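# Coordinates in review
As a plain string of letters, each chain reads:
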Amino acid sequence: EKFINKITFGHFFKETQQVVIKAKDNGEIDGVQTNVINSGVEEIAYYVMTDSIDNTLTALTKEQVEALSEESWVVPQEMSETEQDEYYITFNVNPEAKYIIYARIKDKAGNKSYISSDGLLLENTAPVISGVEDDKTYCSSRTVTIEDDRLDSIKVTLSDGSVVSEVIGITE
């Protein structure tokens, strides 16, 4: 719905995600109503910035997106249409990467609008836990090590459901 300049990477997924980009020509250009009669959506294109999970991915400015070459954009062969005169395209993004997705919507009058996603992080690597084993009972103290680059919190729960320990907001 808008162009985001500050990317947070606040969306985490562990499996392949389907991206849906919808467009409807309502006679506006970048949120400003025009006197142009709705001509209809001609094209939805997308550009995906991606990098490995461990690297920094910096958002493009709107000017940089507008300056992308035509070859940079993916233009699907077909758009689907809803009953509400919306058009949409779909594609997938896979785990073990960071993504920022940009969309370019062009109407039949030649007007173009640009929108962007927030950052997406897709990771399906489980944390490495050592010092204990699943379904084992221990009668003495144990040192447990948990390794994960994006660990946010740890909760230790007994079999009766009571929480023994909880650490939130883990830092290195």
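Residues numbered from 1 in each chain as written. Predicted model: local features only at pLDDT ≥ 70, side-chain atom pairs only at ≥ 80, totals over all residues. Heavy atoms only, no water.

### Things to note about the pattern of salt bridges
Taken as a whole and judged by the stated rule, the model has three salt bridges. Across the salt bridge formed by Glu43 and Arg104, the nearest N and O atoms sit 2.7 Å from each other. Of the two residues, Glu43 is situated in strand E5 (residues 41–51) and Arg104 in strand E8 (residues 97–107); the sequence distance between them amounts to 61 residues. For the residue pair Glu43 and Arg104, the accessibility class agrees, reading buried in each case. Shared partners join several salt bridges into a network, and the residues in it are Glu43, Glu70 and Arg104. (Salt bridge = Lys/Arg side-chain N within 4 Å of Asp/Glu carboxyl O. Helix = DSSP H or I, 4+ residues; strand = E, 2+ residues; numbered from the N terminus. Buried < 20%, exposed > 50% of the residue type's maximum accessible area, 1.4 Å probe, protein only.)

### Considerations on the environment of Ile105
In this fold, Ile105 is placed in strand E8. Along the sequence, Ile105 and Ala45 sit 60 residues apart, while their C-alpha atoms lie 6.5 Å from each other. Those residues within four positions of Ile105 in sequence are excluded, and the remaining contacts are Ala23, Val41, Glu43, Ile44, Asn111, Lys112, Ser113 and Ile115. (Contact = heavy atoms within 4.5 Å.)

### Structural notes on the sheet that holds strand E7 (residues 87–93)
Here we have three strands laid out as an open sheet, ordered E2-E7-E6, and antiparallel in their pairing. With one partner strand each, in any of the chains shown, strand E2 (17–23) and strand E6 (80–81) form the two edges of the open sheet. The pairing of E6 with E7 spans two bridges and is classified as antiparallel. Across the sheet, the residue bridging to Ser80 is Tyr88, located in E7. (Pairing = 2+ DSSP bridges.)

Everything listed is a geometric property; what it means functionally is a separate question.
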